[in-house]
Amino acid sequence: MEIINFTPISSLIGGGLIGLAAAFLLVAKGRIAGISGIAGGIIYPENKGDMAWRIAFVAGLILGGLIYQWSNIGVGVEHIQAMASTPTLIVAGLLVGIGTQIGTGCTSGHGICGLARRSPRSLVATLSFMGSALVTVFIVRHLVGG
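Residues numbered from 1 in each chain as written. Predicted model: local features only at pLDDT ≥ 70, side-chain atom pairs only at ≥ 80, totals over all residues. Heavy atoms only, no water.

Let's shift gears to the UniProt feature "transmembrane region" (unreviewed entry) in the chain. The feature "transmembrane region" (unreviewed entry), as annotated in UniProt, sits at residues 6-28, 51-70, 82-102 and 123-144 in this numbering. Counted over residues 123-144, helix gives 100% and strand 0%. Its end C-alpha atoms are 30 Å apart. (UniProt positions renumbered as here; feature names shortened; annotations may be inferred. Helix = DSSP H or I, 4+ residues; strand = E, 2+ residues; numbered from the N terminus.)

For the rest of this paragraph, the subject is the environment of Gly64. The residue Gly64 is located in helix H3 (residues 51-70) in this model. Looking at Gly64, the relative accessible area reads 38%, which means it is partly exposed. Sequence spacing of Gly64 and Phe24 is 40 residues, and the spatial spacing of their C-alpha atoms is 17 Å. (Buried < 20%, exposed > 50% of the residue type's maximum accessible area, 1.4 Å probe, protein only.)

This next bit is on the packing of helix H2 (residues 35-43) against H3. Direction vectors running N to C along H2 and H3 enclose 125 degrees, while the axes themselves pass 9 Å from each other. With respect to their mutual orientation, H2 and H3 come out oblique. Classified by chirality, the crossing of H3 by H2 is left-handed. In this structure, H2 uses Ile35, Gly37, Ile38, Ala39, Gly41 and Ile42 to contact H3, whose residues at the interface are Met51, Trp53, Arg54, Ile55, Phe57, Val58 and Leu61. In terms of residue class, the contact of H2 with H3 is made up of ten nonpolar, two polar and one charged. (Axes fitted to C-alpha atoms, helices over the stretch in contact; angles between N-to-C directions. Parallel < 35°, antiparallel > 145°, perpendicular 65-115°, else oblique. Left-handed = near helix turned anticlockwise from the far one by under 90°. Contact = heavy atoms within 4.5 Å. Nonpolar A, V, L, I, M, F, W, Y, C, P; charged D, E, K, R; others polar.)

What follows is the structure, encoded as structure tokens:
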């Protein structure tokens, strides 16, 4: 199998920025940079004083993707495009939301922040995420023929 999009420099820079953002949020607010928890705090606020930074965090995620899409940063890289129908994306989003509730966190919270804190629960969750992803890709690419 040929690697089509090998981008080690931008991947290293992106990973570093994610780590810095997670560390900054932990130091500045004492909060874990788990996206499901941050977004959930907007929908179901526990503390009104937390709303501004949560909205800024989510807006930054959205704006970052849009800026990348509209800029020439990814020269030579195809633009981001969903390869699934809108109903499929809606169902997938709902399933991810249900999974984050069952798993008490998402890949960013467990995989980035939880592992950095050496949380056994996050290790199990991350191994579950990665194992499920491997099985799903195998099924879709080799059994279903996607």
